[in-house]
Amino acid sequence: MKNNTYCVIMAGGIGSRFWPLSKTSTPKQFLDILGTGKSLIRQTYERFAPLCPNENIIVVTSRDYSDMVLDHLPELKPEQVLSEPFRRNTAPCIALANKWIEERNPDANIIVTPADHLIINESEFRQAIENGIDFVSQNDALLTLGIKPHRPETGYGYIQAGTNDDDNSNFKKVKTFTEKPNAELARVFFESGEFFWNSGIFLWSLKSINNAFDRYLKDVKQLFDPLEASPAFDMKKIEDVYAECRNISIDYGIMEKAENVYVQTVNFGWSDLGTWSSLYEYSAQDKEKNAIISGQVLLYDTNGSIVNVPSGKVAVIQGLTDYIVVDSGDALLICPKQNEQQIRQFTSDIKAEFGKE
């Protein structure tokens, strides 16, 4: 089964909510956000490397980042890095990967994962993936990993799990998907015990996902069907396909519509590291609940804050509560944590005012 297992790492995002460290030229998947000495994409690769042969791992990314992927993952051959000419969301990304895999192994089972997640318990995670691959290899199922929530969270999508004949099974039919809820609804979801965070990690057989594209996203699949992926894609043809392809997520295009969608309920310690607050939650904190990620920092009358300044730089901060302070060397962010959803707007305003770089 291991030889039939393929891993698709989605690494095309720009990580705008991690500005000013994450920029268009160097998005967060290529940064050592966690201070481990390894980039997030490197950690993702090493997480999945034991689960399938190296030649079965592919990365889908922007063509601007293809060389960067190979720098971080020198084990991969250039043909294992699939370049997207334009950002078109996750459904076209997955359709492109499916085409590459189909020409090599029509009996493949596939793991699809973002490049920038945090996993606390790696061994428990790998066991969950192995169990999930076993499930989708035996069932016509589109499987997503659902994370047991430990707080009402408005920043994640939710999956409502149905009941099975075997109540002890971790594999449950999905009843509903809900996008990021407001605080009141998030609390209802949390207290019900029926809802799980949508991790954005998917498992399925190539046959099952192709059948789903044929039924729910036929227009997308028909664009990719004529492409030839061996030994590598023709970039001019890829450009033509992406120019015509609509922007749509796999969640909206297929997962929210298909009838054979299942959730595997897990609890191995997970974060999508989508925001500075999510990084703060999993970082070491002092007695005042401050997290210093990098730099030589002295804090006075400050609590509940996250600070990241360049290594070797001295910072003195006084009088802040629940703040984000990030200095990237050429840009500085000081922002209340409760307002961090505005960071994307900040970056748009900066580009309009001062230029793209």
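Quick caveat: nothing in here was measured; it's all calculated off a predicted structure.

Caption draft 1: Highlighting the packing of aromatic side chains. Considering all chains together, one arrives at 13 aromatic pairs under this definition. With a centroid separation of 5.0 Å and 55° between ring planes, the pair formed by Tyr-156 and Trp-270 is classed as tilted. Residue Tyr-156 is found in the loop between strand 6 (142-147) and strand 7 (158-161), and its partner Trp-270 is found in strand 11 (residues 270-271); the two are separated by 114 residues along the sequence. The burial state of Tyr-156 is the same as that of Trp-270; both residues are buried. Among the aromatic residues, those joined into a ring-pair cluster are Phe-48, Phe-125 and Phe-268. One residue, Arg-104, lies across the ring of Trp-100, its end atom 3.8 Å from the ring centre. Sitting over the ring of Tyr-252, Lys-257 keeps its end group 4.0 Å from the ring centre.

Caption draft 2: Summary view of the side chain of Arg-47. Looking at where Arg-47 falls in the secondary structure, it is placed in helix 1 (residues 40-48). A residue is classified by how much of its surface remains accessible, and Arg-47, at 3% relative accessible area, is buried. Those residues in contact with Arg-47 that lie beyond four places of it in its chain are His-117, Ile-119, Glu-122, Phe-125 and Arg-126.

Caption draft 3: Inspection of the sheet that holds strand 14 (residues 306-308) at higher detail. Across the sheet, which stays open at both edges, the 4 strands sit in the order 12-14-16-17 with mixed pairing between neighbours. Looking at the sheet topology across the chains shown, the edges are occupied by strand 12 (291-294) and strand 17 (332-336). Strand-to-strand, the axes of this sheet are offset by a mean angle of 5°, without reference to chain direction. Strand direction decides the pairing type here: strand 12 and strand 14, joined by 3 bridges, are parallel.

Caption draft 4: View of the pairing of strand 4 (residues 109-114). Summarising burial for strand 4: 6 of the 6 residues are buried, a large majority. Alternating residues of strand 4 divide into Asn-109, Ile-111 and Thr-113 and Ile-110, Val-112 and Pro-114, and every residue in both groups is buried. Bridging between strand 1 (residues 5-10) and strand 4 involves 6 bridges; their strand directions are parallel. Pairing of Cys-7 across the sheet is with Ile-111, part of strand 4.

Caption draft 5: Just the side chain of Thr-275, in detail. The topology assignment puts Thr-275 in the loop between strand 11 and helix 10 (276-281). For Thr-275, the side chain forms a polar contact with the side chain of Glu-340, separated by 3.3 Å. Here Thr-275 is in contact with Arg-17, Phe-18, Glu-340 and Gln-341, once residues within four sequence places are set aside.

Conventions we followed
- Residues numbered from 1 in each chain as written.
- Predicted model: local features only at pLDDT ≥ 70, side-chain atom pairs only at ≥ 80, totals over all residues.
- Heavy atoms only, no water.
- Phe/Tyr/Trp six-rings, centres within 6.5 Å; stacked < 30°, edge-to-face > 60°.
- Helix = DSSP H or I, 4+ residues; strand = E, 2+ residues; numbered from the N terminus.
- Buried < 20%, exposed > 50% of the residue type's maximum accessible area, 1.4 Å probe, protein only.
- Lys NZ or Arg CZ within 6 Å of the ring centre and 35° of its normal.
- Contact = heavy atoms within 4.5 Å.
- Pairing = 2+ DSSP bridges.
- Axes fitted to C-alpha atoms, helices over the stretch in contact; angles between N-to-C directions.
- Polar contact = N/O pair within 3.5 Å; in protein donor to acceptor, adjacent residues only side chain to side chain.

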